[in-house]
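Here is how the chains run, residue by residue.
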Amino acid sequence: MELRSNLLIETPEEFRAFKNGGLCESPEMRLEIGCGKGRFTVDIAEQNPNVLFTAVEKAQNALVTAMEKASARNTENIRFISGDFSKVFPVFGDGEIGIIYINFCDPWNKNRHAERRLTAPRFLKIYGRLLPVGGEIHFKTDDLSLFRYSLAQLEANGWQTEDITFDLHKNGPADIMTDYEAKFYAEGIKINRCVGVRTAAVLL
């Protein structure tokens, strides 16, 4: 990780410097929670060179792989944060994130663990603070139970749900894939996806 430290944010001051050194006059910022090995992260950053991406990952081995991918491809518009999102989110200001990506998070299938799901109400409140009205959560999962839970929680907490699909790649690859997603697609596992739009009615 030390060899790629130029891509790693460890203090709020470093994060502010990253934002203030943006690629355009008013750069859009996007956040990925749980970037894994960085396949999706680097691909989407390359497709959106004028957007500043921050990727959070708590598994250090995966994070190092993601940072190596970004470095090897000279992707300058990504910074990585090591840690659990529930502990690092205060680095972000109110309304400064345009899109939050949540791809294939832990479903925490037992009911007693429901509050740990990244689409539980306590997390939706955090996302509502980070996003402006009109900001979006892009959510993908192979777990149908988690997907139905997430749709219900979004709607119950004032979010508008759009682009709902229970088989994203039915007609062939329809989106940038994560490593997990490519594996699931090859195995014929259906991918669920939706967009949650932050409204003025979102519960905070």
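Small disclaimer: the values here were computed from a predicted structure and weren't measured. (Residues numbered from 1 in each chain as written. Predicted model: local features only at pLDDT ≥ 70, side-chain atom pairs only at ≥ 80, totals over all residues. Heavy atoms only, no water.)

1. With respect to the nonpolar core
Side chains of nonpolar character tend, in soluble globular proteins, to be buried together.
Stage number 1. With 37 residues, the main nonpolar core has L31, F85, F92, I100, I102, Y127 and I137 as its most contacted residues.
Stage number 2. Broken down by secondary-structure element, the contributors of at least two residues to this core are α1 (12-20), β1 (28-33), β2 (51-57), α4 (85-88), β4 (99-103), α5 (121-130), β5 (136-141) and α6 (144-156).
Stage number 3. Excluding residues within four positions of it along the chain, I137 makes contact with I100, I102, L124, Y127, L131, L154, W159, C194, V195 and G196.
Stage number 4. Residues L7, V51, I78 and Y101 belong to the second largest nonpolar core, which totals 19 residues. (Core = buried A, V, L, I, M, F, W, Y, C linked by side-chain atoms within 4.5 Å. Buried < 20%, exposed > 50% of the residue type's maximum accessible area, 1.4 Å probe, protein only. Helix = DSSP H or I, 4+ residues; strand = E, 2+ residues; numbered from the N terminus. Contact = heavy atoms within 4.5 Å.)

2. Considering the packing of aromatic side chains
Stage number 1. Counted by the stated rule, this structure contains 10 aromatic pairs.
Stage number 2. For the pair F15 and F92, a centre-to-centre distance of 5.0 Å together with 85° between the ring planes defines the contact as edge-to-face. Taken as a pair, F15 in helix α1 and F92 in the loop between α4 and β4 lie far apart in primary sequence, 77 residues in all.
Stage number 3. When its relative accessible area of 0% is taken as the criterion, F15 is described as buried. (Phe/Tyr/Trp six-rings, centres within 6.5 Å; stacked < 30°, edge-to-face > 60°.)

3. Here's the deal with a nonpolar patch on the surface
Stage number 1. Residues L144, I164 and F166 make up a contiguous nonpolar surface patch of about 240 Å² in total accessible area.
Stage number 2. Along the chain, F166 falls in the loop between β6 (160-165) and α7 (179-186).
Stage number 3. Under the relative-accessibility criterion, F166 is labelled partly exposed at 36%. (Patch = residues over 30% accessible without salt bridge, like charges linked within 9 Å, V, L, I, M, F, W, Y side chains within 5 Å. Areas by Shrake-Rupley, 256 points an atom, 1.4 Å probe, with all protein chains shown as cover. Salt bridge = Lys/Arg side-chain N within 4 Å of Asp/Glu carboxyl O.)

4. Focus: α1
Stage number 1. Among the residues of α1, those classed as buried are F15, F18 and K19. When α1 is viewed along its axis, its buried side chains cluster within an angular range of 95° and face the same direction. Opposite the buried face of α1, by more than 90 degrees, sit the exposed residues A17 and N20. (Arc of directions from axis to C-beta.)

5. Some details on the pattern of salt bridges
Where charged atoms from two side chains of opposite charge approach closely, those side chains can pair.
Stage number 1. Per the stated rule, a full pass over the model turns up 11 salt bridges.
Stage number 2. Residue K19 is joined to E96 by a salt bridge in which the shortest nitrogen-to-oxygen separation is 2.9 Å. Within this pair, whereas K19 is found in helix α1, its partner E96 is found in the loop between α4 and β4, the two being separated by 77 residues in sequence.
Stage number 3. The exposure class of E96 is partly exposed, given its relative accessible area of 22%.
Stage number 4. Here E187 and K183 are joined by a salt bridge, their closest N and O atoms 3.0 Å apart.
Stage number 5. Here K183 falls in the partly exposed class, since its relative accessible area comes to 45%.
Stage number 6. What emerges from the salt-bridge pattern is a single network uniting K140, D175, E181 and R193.

6. Some points on the pairing of β5
Stage number 1. With 5 of 6 residues buried, β5 is to be regarded as a mostly interior element.
Stage number 2. One ladder, built from 5 bridges, connects β4 with β5; its direction is parallel. The residue bridging I102 from the neighbouring strand is F139, located in β5.
Stage number 3. Taking the sense of rotation as the criterion, the β-α-β connection linking β4, α5 and β5 turns out right-handed.
Stage number 4. As defined by bridge partners, β5 adjoins strand β7 (residues 192-197) across 6 bridges and the pair is classed as antiparallel. Along β7, the bridge assignment pairs T141 with N192. (Pairing = 2+ DSSP bridges. Right-handed = clockwise from strand over helix to strand, strands pointing away.)

7. Focus: the side chain of T75
Stage number 1. As for its placement among the helices and strands, T75 is situated in the loop between α3 (60-72) and β3 (78-82).
Stage number 2. Overall, the relative accessible area of 5% leaves T75 in the buried class.
Stage number 3. Sequence-distant contacts of T75, that is, excluding residues within four places in its chain, are made with L7, V42, A45, E46 and A70.

8. What to know about a positive patch on the surface
Stage number 1. A surface patch of like charges, here positive, comprises K110, R112, R116 and R122.
Stage number 2. Inspection of the secondary structure puts R116 in the loop between β4 and α5. (Lys, Arg positive; Asp, Glu negative; His and termini not counted. Charge placed at Lys NZ, Arg CZ, Asp CG, Glu CD.)

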